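This is what each chain is made of:
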Amino acid sequence: MTDNTLEIAKEIISPGQLRRFEIPVSRLATQTLVSLPVTVVNGIEPGPKLWLSAAIHGDEINGVEIIAQILARINPQKLRGTVIAVSIVNVFGFIEQSRYLPDRRDLNRSFPGSKGGSLASRLANLFMQEIVAHSTHGIDLHTAAVHRINLPQIRTNLEDEITYNFAKAFGAPIMFHASTRDGSLRHAATKKGIPVLLYEAGEALRFDPLAIKVGVEGILRAMNYLEMYQDELISQVPASLETRKSKWIRASCGGIFHLEVNLGEQVYQKQELGFITNAFGEDRVIVRASVNGMVISHIQNPLVNRGDAIVHLAVI
């Protein structure tokens, strides 16, 4: 094989080639085979090997469209290095429109997995062996959990210089220093020395045009930074705010929450973020910011109980 010929799951991808194939995962109770869909774009010249993954949580679908748009724009003949894209990692959850696998396990708490464990553990192990092991960099695409929405943001280790520069090149509105969680894909890949960006934007079970646009442009900027691909249609890298702390503002009582701020809005301590009323629109209780910050997430469902997290502020 030449220097830039790649073998994944016994599939040979030659330089200058785009290949789509499926890696078998398991069979449903109906005996229908469920497979991991993989697209590899292998450049003419050797270079970084970037994996793109989405729908590790099956209901977080913005990343599916982001990866589709990225693959549609890349010309293998002009690519240096390799893009390894898995647009639907949790196929089971994607089909069921669920965050979880059939046994209610969270796949993103199951890495690096094992060959003989639960379905989640086996799927995580397969992804590590066939995708991560062939990569030098990674971008994992997520959205907020159901009934929440996130401002486009990068979460990563800003204290590592290589990862920091990788994140800065992405150009999201805000970069969040976040420690890795045990069992997450980012944690498992980072332990292998791979710089990983976690992109959070939009909400579950919805295509958010802004989240998709920022994600597509950010990935192309990151590829430009890695000297993998030049795309003249992408704007220069915008400045990203950086933060290391955040604060959830919680409901002091149950009722109906009326939001009065927007994603990306900068707010000051004690500013009114909204108010909670009873079902008749009475007994208004003001919700105020406890810190100076930027709104990076909020609930979409206005029905709240006491103690519910309703507005997420990045401390600026």
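Keep in mind it's a predicted model, so treat the numbers as computed, not measured.

Enquirer: Please explain the nonpolar core as it appears in this structure.
Expert: Soluble globular proteins: nonpolar side chains tend toward being buried together. Formed by 37 residues in total, the largest nonpolar core has its most connected members in Leu52, Ile139, Tyr199, Ile219 and Met223. Broken down by secondary-structure element, the contributors of at least two residues to this core are β5 (45-54), α1 (62-73), β6 (80-86), β7 (137-142), α4 (161-170), β10 (196-202) and α6 (209-225). Counting residues per element, this core draws most heavily on α6, at eight residues. Not counting residues within four places of it along the chain, the set of residues in contact with methionine 223 comprises Leu50, Ile74, Leu79, Val83, Met228 and Tyr229. In terms of nonpolar packing, the next biggest core, distinct from the first, is built from 36 residues, Ile61, Phe92, Ala124 and Val132 among them.

Enquirer: Before we go on, may I ask you to explain helix α3 (residues 119-130) in this structure?
Expert: An α-helical turn contains 3.6 residues, so any two residues separated by three or four positions project in the same direction. Relative to the 16 Å expected for twelve residues at 1.5 Å per residue, α3 spans 16 Å between its end C-alpha atoms, a close match to the ideal helical length. With respect to burial, α3 is a largely interior element, nine of its twelve residues being buried. Among all positions of α3, only Ala120, Ser121, Leu123, Ala124, Asn125, Leu126, Phe127, Met128 and Glu130 are buried. The secondary structure elements touched by the buried residues of α3 are β1 (6-8), β3 (17-27), β4 (33-42), β5, β6 and α5 (185-190).

Enquirer: Looking at this structure, how should I read the packing of aromatic side chains?
Expert: To describe a pair of aromatic rings, you give the distance between the ring centres and the angle between the ring planes. Evaluation of the coordinates by the stated rule reveals three aromatic pairs. Aromatic side chains tryptophan 51 and phenylalanine 127 sit 6.2 Å apart centroid to centroid with 80 degrees between the ring planes, which places their arrangement in the edge-to-face category. Within this pair, whereas tryptophan 51 is found in strand β5, its partner phenylalanine 127 is found in helix α3, the two being separated by 76 residues in sequence. For the pair formed by tryptophan 51 and phenylalanine 127, the shared burial category is buried. Taken together, a centroid distance of 5.3 Å and an interplanar angle of 40 degrees make the contact between phenylalanine 170 and tyrosine 199 tilted. On the criterion of sequence distance, the pair formed by phenylalanine 170 in helix α4 and tyrosine 199 in strand β10 is long-range, its members being 29 residues apart. The residues phenylalanine 170 and tyrosine 199 share a single accessibility class, namely buried.

Enquirer: Which parts of the structure should I look at to understand the pattern of salt bridges?
Expert: For side chains bearing opposite charge, pairing can occur when the charged atoms are close. The full count for this structure, using the stated rule, is nine salt bridges. With its nearest N and O atoms 3.3 Å apart, the salt bridge here joins arginine 99 to glutamate 60. Residue arginine 99 is found in the loop between α2 (91-96) and α3, and its partner glutamate 60 is found in the loop between β5 and α1; the two are separated by 39 residues along the sequence.

Enquirer: I tried to follow the packing of α4 against α6 on my own but got confused; where do I start?
Expert: In a pair of packed helices, the angle between the axes and the distance between the axes together describe the arrangement. At a minimum axis separation of 7 Å, α4 and α6 run at an interaxial angle of 130 degrees. It follows that α4 is oblique to α6 by the angle criterion. For the pair α4 and α6, the crossing hand works out as right-handed. Residues Asn165, Phe166, Ala169 and Phe170 of α4 touch α6, and the partners they reach there are Val214, Gly215, Gly218, Ile219, Arg221, Ala222 and Tyr225. Residue composition of the contact of α4 with α6, by class: seven nonpolar, three polar and one charged.

Rules of the game
- The residue numbers shown here count from 1 along each chain, following its written sequence.
- Only residues with pLDDT of at least 70 get local features here, since the model is predicted, and only at 80 or more are side-chain atom pairs given and counted; chain-wide, interface and lining totals rely on the full set of residues.
- For side-chain calculations, the full set of non-hydrogen atoms in the structure is used, while hydrogens and water are omitted.
- As used here, the term nonpolar core means buried Ala, Val, Leu, Ile, Met, Phe, Trp, Tyr and Cys residues forming a set that is joined through side-chain atoms within 4.5 Å.
- A simple rule labels every residue: compare its accessible area, found with a 1.4 Å probe on the protein chains alone, to the largest value its type can have, and call it buried under 20%, exposed over 50%, or partly exposed in between.
- Helix and strand definitions here come from DSSP, where helices need a minimum of 4 consecutive H or I residues and strands a minimum of 2 consecutive E residues; each element is numbered from the N-terminal end.
- In this description, contact between two residues means that some pair of their heavy atoms is separated by no more than 4.5 Å.
- In this analysis, the expected span of each helix is defined as 1.5 Å times one less than the number of residues it contains.
- Each pair of aromatic rings taken from Phe, Tyr and Trp, with Trp reduced to its six-membered ring, is defined by centres within 6.5 Å and is described as stacked if the planes are under 30 degrees apart, edge-to-face if over 60, and tilted in the remaining cases.
- Any carboxyl oxygen of Asp or Glu within 4 Å of a side-chain nitrogen of Lys or Arg constitutes a salt bridge here.
- Under this scheme, a helix contributes an axis fitted over its contacting stretch, all axes are lines through C-alpha atoms, and angles between N-to-C directions fall in the 0 to 180 degree range.
- Angle categories: roughly parallel below 35 degrees, roughly antiparallel above 145, roughly perpendicular from 65 to 115, and oblique for all the rest.
- With the far helix as reference, a near helix turned anticlockwise by less than a right angle produces a left-handed crossing, and one turned clockwise produces a right-handed crossing.
- Ten residue types, Ala, Val, Leu, Ile, Met, Phe, Trp, Tyr, Cys and Pro, are classed as nonpolar, four, Asp, Glu, Lys and Arg, as charged, and the remainder, Gly among them, as polar.

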